[in-house]
Amino acid sequence: MKNIELARLFDQIGDILEFRGELIFKINAYRKASRAIHELTVDVADLWQQNRLAEIPGVGKGLQEKIAEYLSSGTIIEMEALLQGVPKDLFELLSIQNFGPKTAALAYKELGVETIADLQRVIGDGSLAQLPGMGAKKVENIRKGVELRASASDRISIGLAIPVVEEILEYLHKTVGDKIGRITPAGSVRRGRETVHDIDILVETSQGAAVIDAFVHMPGVTQISGAGDTKGSVMLQDRVQVDVRAVDKDSFGAAQQYFTGSKEHNVHLREIAKKMGLKINEYGVFSGEERRGGETEEQVYQLLGLQWIPAELREDRGEIEAAAKDQLPQLLDLKDIKSDLHIHSNSSDGQYSLADMAEEVRKMGYSHMAFCDHSRSARYANGLEETRLLRQIDDIRTLQKKYDDFTILAGCEVDILPDGSLDYPDSLLAELDFVVASIHSAFKTDPTARTLAAMQNKYVDVIGHPTGRLISRREGFEIDINAVVEMARKTGTALEINSFWDRLDLCDLHARLAVEQEVKISINTDAHHPTHLPMMRYGVSTARRGWVRKSDVINTFSLEALKKWQKRNQTVSKRVK
DNA sequence: GCCGTTTTCGGCCCGACTGTTTTCAGTCG
């Protein structure tokens, strides 16, 4: 798929045009198209061949031609010309905080700054500060930007951010709890994105200065970059930037809406407001000078003629159009989850025994669960040989006798082998209550065909972490997600959203693709330790971002409904010949 | 460069903050 390459190329063209001082609207057109292409779940080359490029939002005649040129020749001639007369490392330079396109152009023209090393030189020798419009403080901020780029990673995972958020909320309640009303995370944390750039927290208070003062002095703060009456900005543990904003009661809803974003969602909302003769900002909704509302988010959306939109949907992916028609989906909620169907014990590579882990899962309030330890070929994970698996089934049956309000399914996470066969024979799979099939090896060996083959086995209920990606470490394997979804639909196999924060696999867009094709989703933690069990929330927020409803998710089923749903128990087999 | 329930031309979101300036440009979210 050339989608990512093409999206990056359009982003780069945007950067070059911005550096050259082109009209911002033209630049935004490239960036908007870049984002749309990045989010496509189909191959842009297929769209091109089917003459359907115009269906991509924000892609008009001009960009269609550029896409076609790139796909047919591997390059865009105009890009080569554009690159003449810009710094060698333009894209790296523009990624530096406080060093924008105007400053970059000035430094390039006057001082020949082409690389980050050049920039460090002109900061050091004082020549940058001599340029018109520059001064000591600006240069110092740029210097900090260069430093930051070298140290901090760009985004951190939601699974690392959420504990930090909770710590901050707890601290604020403890220290200034008497001064604050509503308090909520905003930004990408609230939207449940898989990674976040910084953490935004909104506090309702009439004593902003005191709240901000308490915040910037919280333990763990390694740098204070701003502390006023309405906003405090710090670096925590040299790792993540946190902004706290203090807001009046009357504008809390407007601020919550504004700071939750996304940027694209907000831009779209304000376009609508403008057409209605209204104006929205972080203080409220206005008709001329008259303030029409802003105390709650519901008000803000209502004044624009829209249903309130759940934060996870706010990416300008059609949610505003749906809200206008009262057609938003009834999203899955964490409290709808009745089971966790992919749990490991110390029989394979988990850390708790069957009995102890089952007890911990039961404490989550679920009605049932499935142990799915690794199969025999997963040597690195102490995968179970057939005899050990049979013994484990017996152990689970015995353990079940302890409970009459909680059911423990005997399952496995069976490896999909390089040749596409499963790691256990059907006769053994038939002994199990539940089967997750996953790829753990030979990622480059035709993962699509192997996954399609696995789904055609009637004992396979779920495909585990279907793309194999690890957010912080590796791209998923090259898998044709459309083909996988299609076969899942045909065979009645569920696709997993693995809730482990470094996986979140399927991702939000793939999950949406699946439920649009009426494919069922299974959301599981893949827990190897009790502390992993609460990660269910990340899987649920990923599902919500994918427009997934309660009825789409087999973990919301009662045990009876789950059994009825399983392929093996269906009178009319959906199995593909 | 895109796009149309005022438009095929003329729009294209809004504000805070900072630092450099004496009224504003650049950057950011």
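Residues numbered from 1 in each chain as written. Chains lettered and ligands numbered in written order. Predicted model: local features only at pLDDT ≥ 70, side-chain atom pairs only at ≥ 80, totals over all residues. Heavy atoms only, no water.

(A) Region of interest: the overall build of chain A. In terms of regular secondary structure, chain A is built from 24 helices and 17 strands. Radius of gyration (C-alpha) of chain A: 27 Å, near the 25 Å computed for a compact globule of 577 residues. With the C-alpha coordinates of chain A rotated into their principal frame, the extents come out at 80 × 65 × 50 Å. In chain A, which comprises 577 residues, the share counted as buried stands at 53%. Restricting the contact set of chain A to residue pairs at least 6 apart, pairs at least 24 apart contribute 67%. With an accessible surface of roughly 26500 Å², chain A has 48% of that area assigned to carbon and sulfur atoms. Where the 74 positive side-chain charges of chain A centre and where its 86 negative ones centre are 2 Å apart. (Helix = DSSP H or I, 4+ residues; strand = E, 2+ residues; numbered from the N terminus. Rg over C-alpha atoms; globule rule 2.2 N^0.38 Å. Buried < 20%, exposed > 50% of the residue type's maximum accessible area, 1.4 Å probe, protein only. Contact = heavy atoms within 4.5 Å. Areas by Shrake-Rupley, 256 points an atom, 1.4 Å probe, with all protein chains shown as cover. Lys, Arg positive; Asp, Glu negative; His and termini not counted. Charge placed at Lys NZ, Arg CZ, Asp CG, Glu CD.)

(B) Spatial organisation of the sheet that holds strand β7 (residues 240–247). Here five strands make up an open sheet; going across it, the order is β2-β4-β7-β6-β5 and the pairing mixed. Only two strands of the sheet have a single neighbouring strand rather than two, namely β2 (180–185) and β5 (221–227). Neighbouring strand axes in the sheet, compared pairwise and without regard to direction, differ in orientation by 20° on average. As judged from the six bridges shared by strand β6 (residues 231–236) and β7, these two strands associate in the antiparallel manner. Across the sheet, the residue bridging to methionine 235 is glutamine 241, located in β7. In the packing of helix α12 (residues 208–216) onto the sheet, the strands contacted are β2, β4 (198–205), β5, β6 and β7, and the crossing angle to β6 comes to about 5°. Contacts between helix α13 (residues 252–260) and the sheet are confined to β2, β4 and β7, with β4 contributing the most and set at about 175° to the helix. (Pairing = 2+ DSSP bridges. Axes fitted to C-alpha atoms, helices over the stretch in contact; angles between N-to-C directions.)

(C) Spotlight on helix α17 (residues 354–363). If you check which residues of α17 are buried, you get Leu354, Met357, Ala358 and Val361. One side of α17 carries all its buried residues, which in axial view fall inside an arc of 100°. Of the surrounding secondary structure, the elements contacted by the buried residues of α17 are β11 (339–343), β12 (368–374), α18 (386–400) and β13 (407–415). Trailing α17 by a residue or two, glycine 365 shows a phi angle of about 90°, which is positive. (Arc of directions from axis to C-beta.)

(D) View of the nonpolar core. Phe371, Ile408 and Leu495 are the most contacted members of the largest nonpolar core, which totals 60 residues. Of all the elements, helix α21 (residues 481–491) adds the most residues to this core, at five residues. Of all hydrophobic cores here, the second largest spans 46 residues; its members include Ala45, Leu47, Ile96 and Met134. (Core = buried A, V, L, I, M, F, W, Y, C linked by side-chain atoms within 4.5 Å.)

(E) Expanded view of the domain arrangement of chain A. As far as domains go, chain A holds domain 1 (3–151), domain 2 (156–247), domain 3 (251–324) and domain 4 (334–575). Relative placement of domain 1 and domain 4: their C-alpha centres are 42 Å apart. (Domains from an automatic or database assignment.)

(F) Spatial organisation of the packing of aromatic side chains. Using the criterion set out here, one finds five aromatic pairs in the structure. Summarising the aromatic geometry, the rings of tyrosine 403 and phenylalanine 406 are spaced 5.7 Å apart at their centres and angled 75° between planes, so their arrangement reads as edge-to-face. By the burial criterion, tyrosine 403 is buried, and phenylalanine 406 matches it. Consider the rings of phenylalanine 443 and phenylalanine 477, whose centres lie 5.4 Å apart with planes at 35°: the pair is tilted. (Phe/Tyr/Trp six-rings, centres within 6.5 Å; stacked < 30°, edge-to-face > 60°.)

(G) Geometry of the environment of threonine 525. Along the polypeptide, threonine 525 turns up in the loop between β17 (521–524) and α23 (536–545). Judged by its relative accessible area of 0%, threonine 525 falls in the buried class. With 181 residues separating them in the primary sequence, threonine 525 and histidine 344 have C-alpha atoms 9.7 Å apart. Threonine 525 has contacts with Asp340, His342, Ile343, Asn498, Ser499, Phe500, His532, Leu533, Met535 and Met536, leaving out every residue within four places of it along the chain. Side-chain polar atoms of threonine 525 contact the side chain of aspartate 340, separated by 2.7 Å. (Polar contact = N/O pair within 3.5 Å; in protein donor to acceptor, adjacent residues only side chain to side chain.)

(H) Molecular detail of the protein's contact with DNA strand B. Taken together, 39 residues lie near DNA strand B, and Gly60, Thr103, Tyr258, Arg270 and Lys274 sit nearest. One of the backbone nitrogen or oxygen atoms of lysine 137 is found 3.5 Å away from a phosphate oxygen of DNA strand B. Glutamate 271 is positioned such that a nitrogen or oxygen atom in its side chain is 3.2 Å from a phosphate oxygen of DNA strand B. Of all the elements in the fold, those that place two or more residues in the surface near DNA strand B are α2 (24–38), α4 (61–73), α7 (101–111), α9 (136–151), α14 (263–275) and β8 (279–281). Among the elements that line the surface near DNA strand B, the one with the most residues is α14, at five residues. (Near = heavy atom within 4 Å.)

(I) How the structure looks around the pairing of β12. For β12, the tally of buried residues reaches seven of seven residues, placing the bulk of the element in the interior. Direction of pairing for β11 relative to β12: parallel, over a ladder of three bridges. Note on β12: the bridge partner recorded for aspartate 340 is methionine 369. Where β12 and β13 come together, seven bridges link them in parallel fashion. By the bridge assignment for β13, phenylalanine 371 is matched with alanine 410.

(J) View of the state of the cysteines. For the structure on display, the rule yields zero disulfides. Cysteine cysteine 372 shares no disulfide, and the gap to the nearest cysteine sulfur, in cysteine 412, comes to 6.5 Å. (Disulfide = S-S within 2.5 Å.)

(K) Broad picture of unusual backbone geometry. Omega for the peptide link from glycine 261 to serine 262 comes to -5°, which places this bond in the cis form. Note that serine 262 resides in the loop between α13 and α14. Of note, the bond from aspartate 505 into leucine 506 is cis; its omega dihedral lies within 30 degrees of zero at 10°. Within the secondary structure, leucine 506 is located in the loop between β16 (494–498) and α22 (508–516). For aspartate 316, which is not glycine, the phi dihedral falls at a positive 55°. Under the relative-accessibility criterion, aspartate 316 is labelled partly exposed at 23%. In this model, leucine 504 sits at a positive phi of 40°, which is unusual for a non-glycine residue.

(L) Quick peek at the pattern of salt bridges. Using the criterion set out here, one finds 38 salt bridges in the structure. For aspartate 461, the salt bridge identified is with arginine 568, shortest N-O distance 3.6 Å. Here arginine 568 lies in the segment after α24 (559–565) and aspartate 461 lies in the loop between α20 (447–455) and β15 (462–463), a separation of 107 residues in the sequence. Here aspartate 461 and arginine 568 have matching classes, each one buried. Several salt bridges share partner residues, and in doing so they unite Arg35, Glu39, Arg191, Glu264, Glu315, Arg317, Asp508 and Arg545 into one network. (Salt bridge = Lys/Arg side-chain N within 4 Å of Asp/Glu carboxyl O.)

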